[in-house]
Amino acid sequence: MSRLAALIIVLSSLLQSQLPPDDFRQRRQAILDRLGPADRMLVLTRPVFIRNSDQDHPFRPDSDFWYLTGFWEPRAVLVLSGSEISFSAGEETVSGREFLFLREKDPRAETWTGRRVGVAAAPARLLIEQAVDINHFSGAIEAILQDADTAYMNLSWSDAAPPLDALAEATLQYLPPAEERPRGAFRRVRALAAKLRRYREALKAGTPQLAYRQAGDLIHPLRLIKSPAEIELLQKAIDITAAGLLAAMRRSGHGVYEYQLQASVEFAFKDRGAKRSGYEPIIGSGPNALILHYNENDRRMQAGELVLMDVGAEYQMYTVDITRTFPVNGRFSEAQREVYNVVLKAQAAAAAALKPGITDADINRIARETIVEAGYGEFILHGVIHLIGLDVHDVGVRGTPLAPGTVLTIEPGIYIPADAESVPVEYRGIGVRIEDDYLITPEGAIHMSRDIPRTVSQIEAVMSPQR
Ligand code: GLY
Ligand code: MN
Ligand code: MN
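In this text, all values refer to a predicted model and were calculated from it rather than measured experimentally.

**Some words on the packing of aromatic side chains**
For any pair of aromatic rings, the description rests on two quantities: the centre-to-centre distance and the angle between the ring planes.
Here comes step 1: Taken as a whole and judged by the stated rule, the model has seven aromatic pairs.
Here comes step 2: Relative to W72, the ring of F71 lies with its centre 5.5 Å away and its plane at 55°, an arrangement referred to as tilted.
Here comes step 3: Given the relative accessible area of 0%, F71 is considered buried.
Here comes step 4: Exposure remark for W72: the relative accessible area of 15% places this residue in the buried category.
Here comes step 5: Summarising the aromatic geometry, the rings of F101 and F137 are spaced 5.2 Å apart at their centres and angled 70° between planes, so their arrangement reads as edge-to-face. Of this pair, F101 sits in strand β5 (residues 92–102) while F137 sits in helix α6 (residues 137–145), and the two are 36 residues apart along the sequence.
Here comes step 6: According to the relative accessible area criterion, F137 is buried, its value standing at 2%.
Here comes step 7: One aromatic cluster in this structure is built from F87, F99, F101 and F137.
Here comes step 8: Between R27 and the ring centre of Y67, over which it is positioned, the NZ or CZ distance is 4.0 Å.

Below you can see the structure in the form of structure tokens.
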């Protein structure tokens, strides 16, 4: 390994991402280039959710926030401005176009909840223009929006809860955890909400109206097209998921519980550096294969049944989405094989059509037609295509022609209810989904998950020593 490669590895481990900070800086620059002088963008990360008592759920940054910052700590807001703005933060006046509000260093709190980058180190470490203590955020909002005519925010809002209320509401998430919560924090947040409401009323009554837009309008077209470095991370997530599925196929057998297959998959994920699953693993055996988002995963499996495993590793924040359906004891029955091969044919037909310019509607139609022609049309429950990336159902607008650099899944399924009288008894209760991941290229598509056993003979071969 070269010294440079070693240095990059050390730096990436410090930064918690394999993508260098300059990639994130370039993404922010692409947004700044698109903002008019009176445009502002405020991107909040996700709140920390309480799991029970004083324990929190594991924290994961907001995907849009991560895409622009690569910053992994909770309680942070990115502000981008189309022109230079100034506001006061405590004693100081801060000026610039790019601001990251984040937690200040606090040795006592860090002993409990982990290391912080802190305000002083953030500009060099994250290549951000200005870093500001998050405690100054609520005081700075008015000044940030003062001369703005458009505010892009990553909040969901309705007419009943206009964006500034939503923003005030969202700042509740910036309350520090209990052990470091200053007295009066709740009172201050309530005051902020009131202040923002008054500000909104003043804007409504007077000059120029502030327009609100979704930050995603500008961020998502960038997220849609994956860079070579992002494609590498997705491929790595696929390779890790492949290892998990293979381990589960080898673990499967009569009397094994669904959660034991989950354990095999999750061991393979963590053992290979995937921090978590991109979504709750779906491991449905027998009748549970017919429940699309089943995740109890606690049934004892029986020989002769199929088990449907829909799992995806999240690697460096990028998640993939793969489904394999296989016989619990490694051998398909005649009926199971027949249904399985129809689903496989539908997937192959849809995948063969992938190329730049085709739409999700075209892909859905091709898969559906194949299943309908085989006589199983009444057992289709869902469409077959969605995009993947930082989110398992990644950003992208339906009907948009697919472009090179898009990564997606194709996942046809046939789900025959146990009481379906239109089919012979041996077909009843069979549920099959097959899901694979593809990259659109200028020439067509690359089947990124092609190495995971998929045909009946490949699956039976992998599971052959099984009872
Ligand atoms: N794993 C969720 C889905 O297949 O869309
Ligand atoms: Mn899936
Ligand atoms: Mn999917």
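**Thoughts on the pairing of strand β19 (residues 436–440)**
Here comes step 1: Counting buried positions along β19 gives five out of five residues, so the element sits mostly inside the fold.
Here comes step 2: Here β19 shows no split at all, with D436, Y438 and I440 on one side and D437 and L439 on the other all buried.
Here comes step 3: Bridge count for strand β16 (residues 407–410) against β19 is four bridges, and the pairing is antiparallel. Within the sheet, the bridge partner assigned to I410 lies in β19 and is D436.
Here comes step 4: Across three bridges, β19 lies against strand β20 (residues 445–447) in antiparallel orientation. In the strand pairing of β20, L439 is matched with I446.
Here comes step 5: Following β19, the chain reverses through four residues before pairing antiparallel with β20.

**Section: the side chain of Q336**
Here comes step 1: Looking at the secondary structure, you find Q336 in helix α12 (residues 334–352).
Here comes step 2: At 2.9 Å, the side chain of Q336 and the backbone nitrogen of S333 are in polar contact.
Here comes step 3: Residues in contact with Q336, not counting those within four places in the same chain, are G304, E305, L306, R331 and I430.

**Digging into the pattern of salt bridges**
Here comes step 1: Applying the stated criterion across every chain, the model contains 22 salt bridges.
Here comes step 2: Between R27 and E230 there is a salt bridge, with the nearest N and O atoms lying 3.4 Å from each other. Note that R27 is positioned in helix α2 (residues 21–34) and E230 in helix α10 (residues 228–251), a separation of 203 residues in sequence. Judged on exposure class, the residue R27 and its partner E230 are both buried.
Here comes step 3: Residues R365 and E369 are paired through a salt bridge, measuring 3.8 Å at the closest nitrogen-oxygen approach. Of this pair, R365 and E369 both sit in helix α13 (residues 360–373), four residues apart, which is roughly one turn of the helix.

**Overview of the sheet that holds strand β10 (residues 282–285)**
Here comes step 1: Spatial ordering of the open sheet is given by β10-β11-β14, a layout of three strands whose pairing is antiparallel. The sheet is open, and its two borders are formed by β10 and β14 (322–327), each paired with just one other strand. The sheet shows a mean angle of 10° between the axes of neighbouring strands, taken without regard to direction.
Here comes step 2: Relative to strand β11 (residues 306–311), β10 runs antiparallel, the two being bridged by four bridges. Considered in β11, the bridge of I282 is made with D310.
Here comes step 3: Against the sheet, α10 makes contact with β11 and β14, and its axis sits at roughly 15° relative to β14, the strand it touches most.

**Comments concerning the sheet that holds strand β12 (residues 313–315)**
Here comes step 1: An order of β9-β12-β13 is seen for the three strands of this open sheet, with the pairing classed as antiparallel. For this open sheet the edge positions go to β9 (276–277) and β13 (318–319), each flanked by a neighbour on one side alone.
Here comes step 2: Pairing of β9 with β12, which is carried by two bridges, proceeds in the antiparallel orientation. Bridge assignment links S277 to a residue of β12, and that residue is A313.
Here comes step 3: Across the sheet, α10 lies against β12 and β13, angled at about 145° from β12, the strand it touches most.

**Regarding the coordination of the manganese ion (ligand 2)**
Here comes step 1: Within the first shell, the manganese ion (ligand 2) binds the protein through D310 (OD), D310 (OD), D321 (OD) and E435 (OE), at distances of 2.1 to 2.3 Å.
Here comes step 2: Expressed as a motif, the donor residue spacing for the manganese ion (ligand 2) is D-x10-D-x113-E.
Here comes step 3: Between the manganese ion (ligand 2) and the manganese ion (ligand 3) the interatomic distance comes to 3.3 Å, and D321 is a ligand of both metals. Of this pair, D310 sits in strand β11 while D321 sits in the loop between β13 and β14, and the two are 11 residues apart along the sequence.
Here comes step 4: Exposure remark for D321: the relative accessible area of 3% places this residue in the buried category.

**Examining the coordination of the manganese ion (ligand 3)**
Here comes step 1: Around the manganese ion (ligand 3), the protein contributes the donor atoms D321 (OD), H386 (NE2), E411 (OE) and E435 (OE), which lie 2.1 to 2.4 Å from the metal centre.
Here comes step 2: One way to put it: the six donor atoms around the manganese ion (ligand 3) meet at angles of 51 to 172°, and that makes the site irregular.
Here comes step 3: On the primary sequence, the residues serving as donors to the manganese ion (ligand 3) are separated as D-x64-H-x24-E-x23-E.
Here comes step 4: Owing to a relative accessible area of 0%, E435 belongs among the buried residues under this scheme.

Criteria and thresholds
- Residues numbered from 1 in each chain as written.
- Chains lettered and ligands numbered in written order.
- Predicted model: local features only at pLDDT ≥ 70, side-chain atom pairs only at ≥ 80, totals over all residues.
- Heavy atoms only, no water.
- Phe/Tyr/Trp six-rings, centres within 6.5 Å; stacked < 30°, edge-to-face > 60°.
- Buried < 20%, exposed > 50% of the residue type's maximum accessible area, 1.4 Å probe, protein only.
- Helix = DSSP H or I, 4+ residues; strand = E, 2+ residues; numbered from the N terminus.
- Lys NZ or Arg CZ within 6 Å of the ring centre and 35° of its normal.
- Pairing = 2+ DSSP bridges.
- Polar contact = N/O pair within 3.5 Å; in protein donor to acceptor, adjacent residues only side chain to side chain.
- Contact = heavy atoms within 4.5 Å.
- Salt bridge = Lys/Arg side-chain N within 4 Å of Asp/Glu carboxyl O.
- Axes fitted to C-alpha atoms, helices over the stretch in contact; angles between N-to-C directions.
- Donors = N, O, S within 2.8 Å, 3.2 Å for Na, K, Ca; no water.
- Tetrahedral: all angles 85-135°; square planar, octahedral: opposite > 155°, others 65-115°.

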